[in-house]
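Analysis of the macromolecular model
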Amino acid sequence: MKRTDKILLLAALSLVLCSCLQKGYTIKGNIIDLDEGNINLLDISGHVISSTDVVGGKFTFKGKVDAPCLVYINNVLGVKYPIDIPVLLENATIYVKGDARISHIDITGTKANENMVRFKMRKDQLPAGNTDAYLGLVKETFEENSDNLLGAMLISNLYGLVSDKELLDYCGRLPSEFHDNLYVEHYRKVAQARVDSEVGTMFKDFEMLASDSLKVSLGDVVRAHEATVVLFWASWARDASIVIPEITEGCLPYRDLGLEMFNVSLDSDMTKFTECEKDFGLFGLSFNNGPEVGDKASSLYGFEGLPRVVLIDRGGTIVARGRSFADLAPSLKSLFDH
């Protein structure tokens, strides 16, 4: 190889290397009537990633991300036209165009952003209350974007509309780089916990600290009684004052037949916990180890709301689970009304 050819080759390799090292994101904004002044790029927690100036409706953000993430373009308070634009940030050139006086903003430059805008437009055109049409749109959009951040974000849209096993399948189809994504990881864990604790599976054991500082295992209680109702509750839970008394009242006739209650409160206010424990007529074993401990226990069963109940037979099999006494009643009748 000639000396000049070697020099040209080295120069070309140098340019490629520099390009790889410098590769990051560039967001180019051009929004009509956008207020002059400062504009911010925020993460999902509202923390400022970077700031820049708006001049003639134009602005530019530059940086680099280790993994694609959701961010927001947000201007300061007190402006004439406040904006809060979601952008799927990845190392690419992204264009944000629109008019500050209207809600629609075009985001182009990457497949994920272009399809996110398209998804929102199609969603707005759906008939109100048509869940089937919405689910169809979400599934279709996921299929088109299972290789990018939009697909990962759609896991939260699929949650509650498909079975837990289906949701796990959707999560598993995403590239490995998205498995630790905030949206994916949370709903995957919830779905997996529900599958692992569905009716017919063995109960998930945990310990609680009693008022005498002794640890009490759910497993020991289960094995000592004909059946056990595990109630996760809190005084502040929606409809607690209605649902929880109904649960305790419905369970009470079975107490002398061998039914025990294992009540786990997520209250942080001990006074409120004590008052409600009495007012709700709770019987059996009651624990209040704080919200963090209680939440950790309830998450073993994939519960996200309160109150929630699980019915476990003496052999440790989950025979019912749900939100109210009505979800327990048929199984209690089957276990005790011979």
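Presented here is an overview of the structure given in this document.

**Overview of the environment of Leu231**
Within the secondary structure, Leu231 sits in strand S11 (residues 227-233). Judged by its relative accessible area of 0%, Leu231 is buried. Note: C-alpha distance between Leu231 and Glu177 (54 residues apart in sequence) is 37 Å. The contact partners of Leu231, leaving out residues within four places of it in the chain, are Ile244, Ile247, Met261, Phe262, Asn263, Val264, Leu282, Pro307, Arg308 and Val309.

**Observations regarding the nonpolar core**
With 51 residues, the main nonpolar core has Ile73, Val96 and Ile155 as its most contacted residues. If you tally residues by element for this core, the top one is helix H7 (residues 182-196), at five residues. Formed by 45 residues, the second largest nonpolar core is a distinct cluster that contains Ala234, Val243, Phe283 and Phe287.

**Overview of H7**
Helix length check: H7, at 15 residues, gives a terminal C-alpha distance of 21 Å against a target of 21 Å (1.5 Å per residue), a fit within 8%. Every buried residue of H7 is listed here: Val184, Tyr187, Val190, Ala191, Ala193 and Val195. Residues of H7 that are buried make contact with helix H4 (149-153), helix H5 (155-158), helix H6 (164-172) and helix H11 (291-299). One side-chain oxygen of the residue at the start of H7 lies 2.8 Å from the amide nitrogen of Tyr183, identifying that residue as Asn181.

**Comments concerning the environment of Ala329**
By the element assignment, Ala329 lies in helix H12 (residues 329-336). Look at Ala329 and you get partly exposed, because its relative accessible area is 23%.

**Structural notes on the packing of helix H2 (residues 111-124) against helix H3 (residues 131-145)**
Contact geometry of H2 with H3 gives a least axis separation of 11 Å together with a crossing angle of 170 degrees. When the axis of H2 is compared with that of H3, the two are roughly antiparallel. Residue-level contacts link Lys111, Ala112, Asn115, Arg118, Phe119, Arg122 and Lys123 of H2 to Tyr134, Leu137, Val138, Glu140, Thr141, Glu144 and Asn145 of H3.

**Brief notes about the pairing of strand S12 (residues 259-265)**
Of all seven residues that make up S12, seven are buried, and the element is covered over most of its length. A two-sided burial pattern is seen for S12, the buried positions comprising Leu259, Met261, Asn263 and Ser265 on one face and Glu260, Phe262 and Val264 on the other. The parallel pair S11 and S12 is bridged by helix H9 (residues 240-251), and the resulting crossover is right-handed. Two strands pair when backbone bridges link them, and S12 and strand S13 (residues 285-287) are joined in this way by three bridges, in the parallel orientation. Paired with Phe262 across the two strands is Leu285, which belongs to S13.

**A short note on the sheet that holds strand S8 (residues 105-108)**
The strand order across the open sheet formed by four strands is S4-S1-S7-S8, and the pairing between neighbours is mixed. Each end of this open sheet is capped by a strand with a single partner; those strands are strand S4 (58-63) and S8. The mean inter-strand angle of the sheet, taken between neighbouring strand axes irrespective of direction, is 15 degrees. For strand S7 (residues 93-99) and S8, the ladder comprises four bridges, and the chain directions are antiparallel. Across the sheet, the residue bridging to Gly98 is Ile105, located in S8. Along the sheet, H2 makes contact with S7 and S8, crossing S8 at roughly 150 degrees.

**Some thoughts on unusual backbone geometry**
Cis rather than trans, the peptide bond between Leu306 and Pro307 has omega equal to -10 degrees. Structurally, the position occupied by Pro307 is in the loop between H11 and strand S14 (308-313). Despite not being glycine, Ser213 has its phi angle at roughly 70 degrees, a positive value. Structurally, Ser213 is set in the loop between strand S9 (207-209) and strand S10 (215-217). Judged by relative accessible area, Ser213 falls into the exposed class, the value being 55%.

Thresholds, definitions, all that
Residues numbered from 1 in each chain as written. Predicted model: local features only at pLDDT ≥ 70, side-chain atom pairs only at ≥ 80, totals over all residues. Heavy atoms only, no water. Helix = DSSP H or I, 4+ residues; strand = E, 2+ residues; numbered from the N terminus. Buried < 20%, exposed > 50% of the residue type's maximum accessible area, 1.4 Å probe, protein only. Contact = heavy atoms within 4.5 Å. Core = buried A, V, L, I, M, F, W, Y, C linked by side-chain atoms within 4.5 Å. Expected span 1.5 Å × (residues − 1). Polar contact = N/O pair within 3.5 Å; in protein donor to acceptor, adjacent residues only side chain to side chain. Axes fitted to C-alpha atoms, helices over the stretch in contact; angles between N-to-C directions. Parallel < 35°, antiparallel > 145°, perpendicular 65-115°, else oblique. Right-handed = clockwise from strand over helix to strand, strands pointing away. Pairing = 2+ DSSP bridges.

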